[in-house]
Amino acid sequence: MISVKNLEYRRGERVILQNLDFAVKPGAGLVITGANGSGKTTVLKILAELVVPLHGEIEIPGDILYIGHKNAMKEELSVLENLEFWADLEGNEILVPASLAYFQLEDYADLPYKALSHGLQRRAALARLIFSPQKTWLLDEPFAHIDKETAQRLRNLIITRTEQGGIVILSSHQPVDLPFKELGLESRT
């Protein structure tokens, strides 16, 4: 289970998060919503232990996959080379062809990542979900830049993960059609 109590984060003197509490059980998900600058990405980075909060109690299982909005792909490598790198780290190289097929990237596999559109780059980054053994996924704006068909495939994948007992926490500034609780953050100016 993921549990967050009394989370506070400041950037300089600016309060980004204050008195934030939530819990997500295995088999469930959470959509963090809010305007740009409201702290959605910050919450995910805190959960992924990439950012340290000012204070708060956080309980989170150790096996986490975080896919941020910057995708974490090497621009000079091909889509295939990038996915092979990530799959090798997970010990799931055999699933790379399935990840290419699921996100309809076979025709782009040998192209340099930097040559792809933003939507194709996002699909390539999300293809990592296919071979992810982690039970907890933290996804920053996963539906940004992708078309409706890819969004439906991603939605199905996310629902399957939770049906298998996983936890998915994602951020979005747009409505998301998922059967998850929603946590709305307000922008603090």
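See the structure printed just above.
These notes cover the structure that comes with them. (Residues numbered from 1 in each chain as written. Predicted model: local features only at pLDDT ≥ 70, side-chain atom pairs only at ≥ 80, totals over all residues. Heavy atoms only, no water.)

### Examining the environment of Leu 80
Right, so step 1: Take Leu 80: it is sitting in helix H2 (residues 79-90).
Right, so step 2: Residues Leu 80 and Ala 124, 44 residues apart in the sequence, show an inter-C-alpha distance of 8.9 Å.
Right, so step 3: Excluding residues that lie within four positions of it along the chain, Leu 80 makes contacts with Val 96, Leu 100, Ala 109 and Asp 110. (Helix = DSSP H or I, 4+ residues; strand = E, 2+ residues; numbered from the N terminus. Contact = heavy atoms within 4.5 Å.)

### Describing the packing of aromatic side chains
Right, so step 1: Here the structure, examined in full by the defined rule, presents 2 aromatic pairs.
Right, so step 2: When the ring of Phe 85 is compared with that of Trp 86, the centres are 5.3 Å apart and the planes differ by 75°; the resulting orientation is edge-to-face.
Right, so step 3: What makes Phe 85 partly exposed here is its relative accessible area of 45%.
Right, so step 4: Taken together, a centroid distance of 5.2 Å and an interplanar angle of 75° make the contact between Tyr 102 and Phe 103 edge-to-face.
Right, so step 5: Over the ring of Trp 86 we find Arg 128; its NZ or CZ atom is 3.8 Å from the centre of that ring. (Phe/Tyr/Trp six-rings, centres within 6.5 Å; stacked < 30°, edge-to-face > 60°. Buried < 20%, exposed > 50% of the residue type's maximum accessible area, 1.4 Å probe, protein only. Lys NZ or Arg CZ within 6 Å of the ring centre and 35° of its normal.)

### Some thoughts on the pattern of salt bridges
Right, so step 1: Taken as a whole and assessed by the stated rule, the structure comprises 4 salt bridges.
Right, so step 2: With a shortest N-O distance of 3.7 Å, Asp 147 and Arg 123 are connected by a salt bridge. Highlighted residues: Asp 147 in the loop between strand E6 (136-140) and helix H5 (148-163) and Arg 123 in helix H4 (residues 118-126), separated in sequence by 24 residues.
Right, so step 3: Classification of Asp 147 as partly exposed rests on a relative accessible area of 37%.
Right, so step 4: A residue is classified by how much of its surface remains accessible, and Arg 123, at 10% relative accessible area, is buried.
Right, so step 5: The partner of Arg 155 in a salt bridge is Asp 177, with the nearest N and O atoms 3.5 Å apart. One end of the pair, Arg 155, is in helix H5; the other, Asp 177, is in the loop between strand E7 (167-172) and strand E8 (181-184), with 22 residues separating them in the sequence. (Salt bridge = Lys/Arg side-chain N within 4 Å of Asp/Glu carboxyl O.)

### Structural notes on H5
Right, so step 1: Taking 1.5 Å as the rise per residue, H5 with 16 residues should run 22 Å; its terminal C-alpha atoms sit 22 Å apart, in good agreement.
Right, so step 2: Residues of H5 that are buried include every one of Thr 150, Ala 151, Leu 154, Arg 155, Leu 157, Ile 158, Ile 159, Arg 161 and Thr 162, and no others.
Right, so step 3: Looking at the packing, one finds that the buried side of H5 touches strand E3 (29-33), helix H3 (96-102), H4, E6 and E7.
Right, so step 4: The N-cap residue of H5 is Asp 147: its side-chain oxygen and the backbone nitrogen of Glu 149 are 3.2 Å apart.
Right, so step 5: Within two residues after H5, Gly 165 carries a phi angle of roughly 95°, on the positive side. (Expected span 1.5 Å × (residues − 1). Polar contact = N/O pair within 3.5 Å; in protein donor to acceptor, adjacent residues only side chain to side chain.)

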